[in-house]
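Remarks on the overall topology
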Amino acid sequence: MLERGEVGNSWRHERWDSLRLLTPNWQSRLPGLAYDGPDPDEYMAAEEVAGLITRFAAKAPVRAGTNVTSVRRDGDDYHVVTNQSEIRSRAVVIASGACNAPAVPTVASALPPDVEQVTAFDYRNPGQLPDGGVLVVGASATGVQLAAELSESGRSVMLSVGEHVRLPRTYRGRDVLWWMDASGVWDQRYDELDDLHRARRLPSPQLVGTRDRATLDLNALTAMGVELVGRWAAVRDGRALFSGGLRNVCSLADLKMERLLDTFDEWAGTGNDAPGRLPSTEVPRSTRLELDLRRGEIRSVLWATGYQADYRWLDVPVVDAKGNLSHNGGVVVDSPGLYALCLPVLRRRKSTFICGIEDDARDVIDHLSTYLAGESRAPDYALAHD
Ligand SMILES: Cc1cc2nc3c(=O)[nH]c(=O)nc-3n(C[C@H](O)[C@H](O)[C@H](O)COP(=O)(O)OP(=O)(O)OC[C@H]3O[C@@H](n4cnc5c(N)ncnc54)[C@H](O)[C@@H]3O)c2cc1C
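Residues numbered from 1 in each chain as written. Predicted model: local features only at pLDDT ≥ 70, side-chain atom pairs only at ≥ 80, totals over all residues. Heavy atoms only, no water.

**Re the packing of aromatic side chains**
- Under the definition given, this model contains 10 aromatic pairs.
- Centre to centre, the rings of Y171 and F264 are 6.5 Å apart; their planes meet at 50°, and the pair counts as tilted. Of the two residues, Y171 sits in strand β10 (residues 170–171) while F264 sits in helix α7 (residues 246–268), which places them 93 residues apart along the sequence.
- Judged by relative accessible area, Y171 falls into the buried class, the value being 3%.
- For F264, a relative accessible area of 0% translates into the label buried.
- Measuring from ring centre to ring centre gives 5.2 Å for W232 and W303, while their planes differ by 20°; the resulting arrangement is stacked. Here W232, found in strand β14 (residues 232–236), pairs with W303, found in strand β17 (residues 298–303); they are 71 residues apart in sequence, far enough to count as distant. (Phe/Tyr/Trp six-rings, centres within 6.5 Å; stacked < 30°, edge-to-face > 60°. Helix = DSSP H or I, 4+ residues; strand = E, 2+ residues; numbered from the N terminus. Buried < 20%, exposed > 50% of the residue type's maximum accessible area, 1.4 Å probe, protein only.)

Structure (structure tokens):
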């Protein structure tokens, strides 16, 4: 196992200071390492996650400080180059993460130079930004959490909202992720989904892990004084242009949330009249469609527009033009012996979550063992290019 930094690297060095998991402690489990602390319903801070992974890795043959700079095919094998040595291997499992770099839209390059830009990948706390208003772009888990943090720090915050997934933190007295788990939604398999391509690109849910298990949706942010605007579409003559479709994306998110809660009710055999369902998202009658970025109202832009994997070290032609690895349930397409883990909906809806690795790894390693035993079976490539 080769790790360029230290064990738990992303949790030690690539998260903002206040981050807490959005999965409850009891759910943030690794194979054979269930949570046994006093607060199963609370949410771990990043350093606690690093500690969990470090405990888990104690018996693993990890070579830390070993940066993989190239992997290429060499006959039936792989030739792996690191900053330490070169390795020949019959098989390689890519477990380098789905979130190595920020995904920033192209409009970023058109911003006036005096507006400071920071991505959620590099953001640590509000003190890092210049005084003045902040435009947070993206309203998924990262964006809503950082908009709330910046607003609480006394900043004037505007939030640009595109497609998002709305969820209540709790439903019928249980954490909503308990329902995802118990009802089987998180176990839905990649080869049974109607639209795998879409499922793999779904944004993270609007959730935050706080002691009071509060819901952090757009209504909560509006109540805090955050101004909502539509999706950032373009920059023209120093003006940010926002979509007028905010009401539509919010209605869609409300509808999908209701449908999901109905699914839970159906599974539980209750009526779908649970008290305490969230009210619809309140969208102002008219939202700003443009903002002059040269006027100083907004001094910084925080891009919370997602993350992407970094495969620049992979010299095997298995990454498409959009930077996605071509794989079928973690079996990389057209490159026998190459595998991947922990990518969105790799084999199940829960694949990118910490609790998702156990089932996926079992399936992928099963295929890998068969391959190494010389019984290479041809994977079903029908879904491969998703
Ligand atoms: C902001 C954020 C919040 C999240 N919140 C949750 C949550 O609440 N609950 C949850 O279950 N999951 C959460 N996740 C998802 C979480 O990241 C995954 O569940 C899990 O940590 C992924 O583990 P991983 O080992 O696949 O990836 P990573 O944690 O990214 O680890 C990949 C490792 O590979 C190393 N690496 C990369 N490239 C190379 C190379 N070329 N050579 C050598 N080493 C390399 C990196 O240094 C890193 O240590 C969150 C993710 C993010 C980004």
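So, next bit.
**A closer look at helix α3 (residues 141–152)**
- Compared with an ideal rise of 1.5 Å per residue, which puts 12 residues at 16 Å, α3 spans 17 Å between its outermost C-alpha atoms and is within 8% of the ideal.
- Within α3, 11 of the 12 residues are buried, which leaves it mostly tucked inside the rest of the structure.
- Three or more residues of α3 are buried, namely A141, T142, G143, V144, Q145, L146, A147, A148, E149, L150 and S151.
- Buried residues along α3 sit in contact with β7 (133–137), β8 (157–160), β12 (205–206), α6 (218–223), β17 and β18 (307–308). (Expected span 1.5 Å × (residues − 1). Contact = heavy atoms within 4.5 Å.)

**Notes on the sheet that holds strand β16 (residues 290–292)**
- Taken in spatial order, the 3 strands make up an open sheet running β14-β15-β16, and their pairing is antiparallel. Each edge of the open sheet carries a strand with a single partner, namely β14 and β16. Strand-to-strand twist across the sheet, computed as the mean angle between neighbouring axes with direction ignored, equals 20°.
- Examined bridge by bridge, β14 and strand β15 (residues 239–242) share 4 bridges and lie antiparallel to one another. If you follow A234 over to β15, its bridge partner there is L241. (Pairing = 2+ DSSP bridges. Axes fitted to C-alpha atoms, helices over the stretch in contact; angles between N-to-C directions.)

**With respect to helix α2 (residues 46–57)**
- Along its 12 residues, α2 runs 16 Å from first to last C-alpha, staying within 8% of the 16 Å computed at 1.5 Å per residue.
- Among the residues of α2, those classed as buried are A46, V49, A50, L52 and A57. For α2, the arc enclosing every buried residue in end-on projection is 160°, short of the 170-degree limit, so these residues lie on one face. Relative to its buried face, α2 has exposed residues pointing more than 90 degrees away, namely E47 and R55.
- Among the structural elements, α1 (9–13) are those in contact with the buried residues of α2. (Arc of directions from axis to C-beta.)

**Remarks on the sheet that holds β17**
- Strand order in the open sheet made by the 5 strands is β6-β17-β7-β8-β13, with parallel pairing throughout. Only two strands of the sheet have a single neighbouring strand rather than two, namely β6 (116–119) and β13 (227–229). If you compare each strand with its neighbour and ignore which way they point, the axes differ by 20° on average.
- Pairing of β7 with β17, which is carried by 5 bridges, proceeds in the parallel orientation. The partner of V137 across the bridge, within β17, is W303.
- Contacting β7, β8 and β17, α3 crosses the sheet at an angle of about 170° to β8.

**Focus on the environment of A148**
- Structurally, A148 is set in helix α3.
- Judged by its relative accessible area of 7%, A148 is buried.
- Taking the C-alpha atoms as reference points, A148 and S109, 39 residues apart in sequence, are found 26 Å from one another.
- Excluding its chain neighbours within four sequence positions, the residues that come into contact with A148 are L216, L221 and M224.

None of the figures reported here should be taken as evidence of function without further support.
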